Amino acid sequence: MCGIVCAFDLKERSEDLRPQILEMAKSLRHRGPDWSGIYSDEKAILAHERLAIVDPISGGQPLLSEDKQLVLAANGEIYNHKDLRSQFPNYNFQTESDCEVILALYKDKGDSFLDELNGIFGFAIYDAENDEYLIARDHMGIIPLYIGWDQNGTFYVASELKALEGKCAKIELFPPGHYLSSKKEGFQKWYERDWMEYDAVKDNETSIEDLKEALERAVHRQLMSDVPYGVLLSGGLDSSITSAVAKLYAEKRIESDDKDAAWYPRLHSFAIGLEGSPDLAAAQKVADHLDTVHHEVKFTIQEGLDAIKDVIYHLETYDVTTIRASTPMYLMARTIKSLGIKMVLSGEGSDELFGGYLYFHKAPNAKEFHEETVRKLDKLHQYDCLRANKSLSAWGIEGRVPFLDKEFMDVAMRINPKDKMITGERIEKWVLRKAFEDYLPESVAWRQKEQFSDGVGYSWIDTLKELVNAEVSDEQLENAHFKFPIQPPSSKEEYYYRTIFANHFPSDAAAKSVPSVPSVACSTPTALEWDESFKNMNDPSGRAVANVHSDSY
């Protein structure tokens, strides 16, 4: 991951703002510890903190076109950059960076090229000749992006909230699948799909073979790397599948079209949990099956509790389930960094695509099931995408998520929703399990869903609840709306996290950037209507789904 901070529509002299932009960018250096770069003229400033994954030697940013009139600051990866480059035989590329093709596309097509990109990104392009800018975020919001305005009206773009906090009077999340152009009014949506409507998919045929091949292609694409990489392996279905597919291709270098031997041919896998946790045992079984170089990270509950303040600073959220799951992931990332690994594949997105959360057992029909998956995907940038990106980037590691590959999503979301439904004969994510059952031990391929914060060890969440009950009184929670008038906490755990968040990010603008809605086992508020028992609950743990989870409470 990299970090960007840009300023446009300057209301102060550029030379006066430049030191401030450098300070703001410095707050993001954990995202990009390998190099710092800056471009400035009298009308714009673009700063970049680089994590070098592709073309580490010459791919420093901001990137400039040959005539120096177009400037790009980008955070992300463009997986199909080689195919896109072939469109421009006469364009004089300056580097081997996968992101440089964005400049060629912009020069040729203006703002109409975004859906051609298959990748993860948050970027800003500045056209110095015409004093124009284009800002865009990937289809799912896998890469974080924020915008803000200071009290003078200067407009800022940044990869994380912390760069804008204290500098901007107004801060907003940049919505996924949108762009912002200085030539047009407001956000413009570039990502739109037919499968967002149930009627477009309700009569489709389901091909398990097509699904399998599409995910294999997605994983293969995302192994593009010039540095050591690994896989996160919790022992659950999703991470086990991405690990198994990555192992198929790990011995060859993707950049050479699988002709040359890989620079780092042994695949490293990583799991974290408390001593005796369900995830550690399952992950070891998969690692043995795949013959990966497996690293088991064990943490104590106290180590997790000690890390929470830092986790909230890096994650920039007070959402309960995100913090529960991010804490072990944050601790694991530090170990991964110590081994020199700079990129990992992770399994986020599968549960949203296939209805894998246990509350989907309560879906009344295929239409409700499908519409809930669409709602979940729409909000994923505030939850699992944020967790995967920021937990890892806190230690300078890039996380890639093959299940959210743009092309794979089109295949997965066009499956007939009735074939995703959970029945007496079919467990959650049956179609995905069926597609990859031959790749995995049977006990893993057909293991019940565990949310990451549960799977690392049930006592992790149980202890968190005990801690917050001791720290936050009933009276404090009852009067929370006085202390936190914006989105008052609805539980003691949220109150505890919100207090830490407010110490890091005291502005109202920061508070508004975090979602705060009732949920059972990660459901959207709409899905609470599916079951009478959900209506008075607000617990994101999978164990909250009575009579579904094997250890429900």
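First things first, this report covers the structure right here in the doc. Every chain is numbered on its own, with residues counted from 1 as its sequence reads. This being a predicted model, a pLDDT of at least 70 is required before a residue's local features are given, and a value of 80 or more before pairs of side-chain atoms are given or counted; all residues contribute to the totals for chains, interfaces and linings. No hydrogens and no water enter the side-chain calculation; it runs on all heavy atoms of the structure.

## Some words on the environment of Asp 384
Part 1: Only DSSP runs of H or I covering at least 4 residues are called helices, and only runs of E covering at least 2 are called strands; the numbering of each starts at the N terminus. Relative to the helices and strands, Asp 384 resides in helix H11 (residues 384-393).
Part 2: C-alpha of Asp 384 to C-alpha of Gly 349: the two residues are 35 residues apart in sequence and 7.6 Å apart in space.
Part 3: Here, two residues are considered to be in contact whenever any of their heavy atoms come within 4.5 Å of each other. With near-sequence residues (within four places) excluded, Asp 384 lies in contact with Glu 348, Glu 352 and Tyr 357.
Part 4: Each polar contact in these results corresponds to two N or O atoms within 3.5 Å; when the atoms are within protein, one needs to be able to donate a hydrogen and the other to accept it, and residues that are neighboring in sequence are counted only if both atoms are side-chain atoms. Among the polar contacts listed, one links the side chain of Asp 384 to the side chain of Tyr 357, at a separation of 3.3 Å.

## Focus: helix H12 (residues 406-413)
Because an α-helix packs 3.6 residues into every turn, residues spaced three or four apart end up facing the same way.
Part 1: Burial of H12 is extensive: six of the eight residues sit out of reach of the surface.
Part 2: Only protein chains enter the area calculation, which uses a 1.4 Å probe; residues under 20% of their type maximum are buried, those over 50% are exposed, and those in between are partly exposed. Among the residues making up H12, those that are buried are Lys 406, Phe 408, Met 409, Asp 410, Ala 412 and Met 413.
Part 3: The residue sitting at the N-terminus of H12 and contributing the capping side-chain oxygen is Asp 405; that oxygen lies 3.0 Å from the backbone nitrogen of Glu 407.

## Quick look at the pairing of strand E1 (residues 3-8)
Part 1: Among the six residues that make up E1, six are buried, leaving the element largely enclosed by the rest of the structure.
Part 2: On E1, burial covers both faces: Gly 3, Val 5 and Ala 7 on one face and Ile 4, Cys 6 and Phe 8 on the other are all buried.
Part 3: In this analysis, strands are considered paired if DSSP registers two or more bridges between them. Here E1 runs beside strand E3 (residues 45-50); their pairing, made up of five bridges, is antiparallel. Paired with Ala 7 across the two strands is Ile 45, which belongs to E3.

## Let's talk about the packing of aromatic side chains
Part 1: Working definition: a ring pair exists when centres of Phe, Tyr or Trp rings (six-membered ring for Trp) sit within 6.5 Å. Plane angles under 30 degrees give stacked, over 60 give edge-to-face, the rest tilted. As enumerated under the stated definition, the model contains 26 aromatic pairs in all.
Part 2: Taking 6.5 Å as the distance between ring centres and 15° as the angle between the ring planes, the aromatic pair formed by Phe 113 and Phe 123 counts as stacked. Within this pair, whereas Phe 113 is found in the loop between helix H3 (101-109) and strand E6 (119-127), its partner Phe 123 is found in strand E6, the two being separated by 10 residues in sequence. As far as the burial class goes, Phe 113 and Phe 123 line up, both buried.
Part 3: Their ring planes at 50° and their centres at 5.2 Å tell us that Phe 501 and Phe 505 sit as a pair that is tilted. Pair check on accessibility: Phe 501 and Phe 505 agree, each one buried.
Part 4: Lysine NZ or arginine CZ positioned within 6 Å of the ring centre and within 35 degrees of the ring normal marks a charge as sitting over the ring. One residue, Lys 162, lies across the ring of Tyr 313, its end atom 4.7 Å from the ring centre.
Part 5: The positively charged end of Arg 253 is found above the aromatic ring belonging to Trp 263, 3.7 Å away from the centroid.

## Quick look at the side chain of Ser 65
Part 1: With respect to the helices and strands, the residue Ser 65 is situated in the loop between strand E4 (63-64) and strand E5 (70-78).
Part 2: Taking the relative accessible area as the measure of exposure, Ser 65 reaches 4% and is therefore buried.
Part 3: Within the structure, the side chain of Ser 65 is placed 2.6 Å from the side chain of Asp 67, a separation counted as a polar contact.
Part 4: Once residues within four sequence positions are removed from consideration, Ser 65 is found in contact with Leu 70, Tyr 91 and Leu 103.

## Structural notes on the pattern of salt bridges
Part 1: Note on definitions: salt bridges are taken to be side-chain nitrogens of Lys or Arg within 4 Å of carboxyl oxygens of Asp or Glu. This structure, assessed with the given rule, holds 40 salt bridges.
Part 2: Across the pair Glu 192 and Lys 189 runs a salt bridge, and its minimum N-O distance is 3.5 Å.
Part 3: Of the residues examined, Glu 192 reaches a relative accessible area of 49% and is grouped as partly exposed.
Part 4: By relative accessible area, Lys 189 is classed as partly exposed at 48%.

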